[in-house]
Amino acid sequence: MNGKVALITGAANGVGEEVARRLHAKGAKLVLADVDRERLARLAADLGESRVVTAVADVRELADMEAAVAAGVEKFGGIDIVLANAGIATYGSVLGVDPQAFRTLIDVNVVGVFHTVRAALPSVIEQRGYVLIVSSAAAYAASAGMAPYDASKAAVEHFANALRLEVAHHGVDVGSAHMLWIDTPLVQESKSDLPSVRAMLDALPGPLGRTTSVQECGRVFVEGIEQRKRQVNCPRFVGLMRWLKPLLASRLGDRASGGQVAELLPKMDAEVAALGRSLSARTEALENK
């Protein structure tokens, strides 16, 4: 990673911040994009300015991402690595979720990935680089109450698969990252806002409800970037879920979760109604800035 230039979206907290710090420690130069101006400035101050470019950028705006890439290319000469990491989640069933929150999620999680890749790809092709698109274990196994998030993460996994075919002959590699529950602010807020989410995690069998630290996830991501992996799974057993996807989406898989859904989904929708929002408090605050 020494001397490589990495563009990271959603870089100001969670997994994006952890990967940024780890890559910087390995000698990488960073182009950090996020909508959170204050946290982005603090991260840049921690890392120092010599190998960092920051861009207060909304991935929903192609012009923002083009400007971020241009700033990185101007300072460092090109982009070697893209981590399309920016993403949000919504609360509530298909009948319970706020339709505007659904649209916001799709714009950030799907359109934002397209804008990030579209803006950076010419430079990545020149550098024969690597693109890692953050999907989720949700692309392998759907969960009730998470239909918008599940749909978005399945979409960007397939986007990565198609992109891989398009750029392989340019010497560019493309991966998708798939995580279960990572102890990010997003997951922390979900568990804090919705007791039903905590109950759902507690009801999952074996390791499926276990939360992985942001530090461990960052380590796995950096390892995947260094090895230009096709799939990056965290925890590792998530890779097994990819192969079990037909079973998880079968009638048998549906029956395994049916009782839990019937009990917990109405509770989730009642909690969402009481909150008066389908987005996390942090996402809502950033939207209203």
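All chains use their own residue numbering, which begins from 1 and follows the written sequence. Selection of residues for local features in this predicted model requires a pLDDT of at least 70, selection of side-chain atom pairs for listing and counting requires 80 or more, and totals for whole chains, interfaces and linings are taken over all residues. Note that water and hydrogens are dropped before the side-chain values are worked out from all heavy atoms of the structure.

Observations regarding the packing of helix α3 (residues 62-76) against helix α4 (residues 99-127)
Only C-alpha atoms enter the line fits that serve as axes; for helices the fit covers just the stretch in contact. Angles between N-to-C directions range over 0 to 180 degrees. Going along the chain from the N terminus, every DSSP run of H or I of four or more residues is numbered as a helix, and every run of E of two or more is numbered as a strand. Orientation of α3 relative to α4, taken along the N-to-C sense of each, is 30°, at an axis distance of 8 Å. Comparing their axes, α4 and α3 come out roughly parallel. Our pair here, α3 against α4, has a crossing hand that is right-handed. Between α3, through Leu62, Met65, Glu66, Val69 and Val73, and α4, the contact on the second element is made entirely by His115, Thr116, Arg118, Ala119, Ala120 and Ser123. Classes in brief: Ala, Val, Leu, Ile, Met, Phe, Trp, Tyr, Cys and Pro nonpolar; Asp, Glu, Lys and Arg charged; the others, Gly included, polar. For the contact of α3 with α4, the class distribution of residues is six nonpolar, three polar and two charged. Note that the term roughly parallel is reserved for angles under 35 degrees, roughly antiparallel for angles over 145, roughly perpendicular for angles of 65 to 115, and oblique for everything else. The handedness criterion is simple: a crossing whose near helix is rotated anticlockwise from the far helix by less than a right angle is left-handed, and one whose near helix is rotated clockwise is right-handed. Contact between two residues is taken to exist if any of their heavy atoms lie within 4.5 Å; hydrogens are not considered.

Comments concerning the packing of helix α1 (residues 14-25) against helix α2 (residues 37-47)
Put simply, α1 and α2 touch, their axes get as near as 11 Å, and they point 20° apart. Here α1 lies roughly parallel to α2, going by the angle between them. Crossing geometry of α1 relative to α2 is assigned as right-handed. For the pair α1 and α2, contact is made by Glu17, Ala20, Arg21 and His24 and by Arg39, Leu43, Asp46 and Leu47, respectively.

What about helix α6 (residues 185-193)?
Every buried residue belonging to α6 is among Val187, Glu189, Ser190 and Asp193, and all of these are buried. The arc enclosing the buried residues of α6, seen along the axis, measures out at 160°, which places them on a common side. Note on exposure labels: buried denotes an accessible area under 20% of the residue type's maximum, exposed denotes more than 50%, and partly exposed covers the range between, all computed with a 1.4 Å probe on protein chains only. Directions from the helix axis toward the C-beta atoms define the arc.

What to know about the pairing of strand β2 (residues 29-34)
The element β2 is largely enclosed, with a buried count of five among its six residues. Of the crossover connections in this fold, the one passing from strand β1 (residues 5-9) over α1 to the parallel β2 is right-handed. When DSSP finds two or more bridges between two strands, those strands count as paired. Where β2 lies against strand β3 (residues 52-56), five bridges are found, and the strand directions are parallel. Each bridged residue has a counterpart across the sheet, and for Val31 the counterpart in β3 is Val53. Traced from β2 through α2 to β3, the parallel crossover comes out right-handed. Convention used here: a crossover is right-handed provided that the path from the first strand, over the helix, to the second strand proceeds clockwise when the strands point away from the viewer.

Digging into the nonpolar core
Among the nonpolar cores identified, the biggest contains 51 residues, and Ile79, Val124, Val131, Ile133 and Leu163 are the most heavily contacted of them. It is α4 that provides the largest number of residues to this core, a total of nine residues. For Leu163, the contacting residues outside a window of four places in its chain are Val117, Leu121, Val131, Ile133 and Val174. Only buried residues count toward a nonpolar core, which is a set of Ala, Val, Leu, Ile, Met, Phe, Trp, Tyr and Cys residues joined through side-chain atoms within 4.5 Å. One finds Leu32, Ala44, Val214 and Ile225 within the second-largest nonpolar core, a separate group that totals 32 residues.

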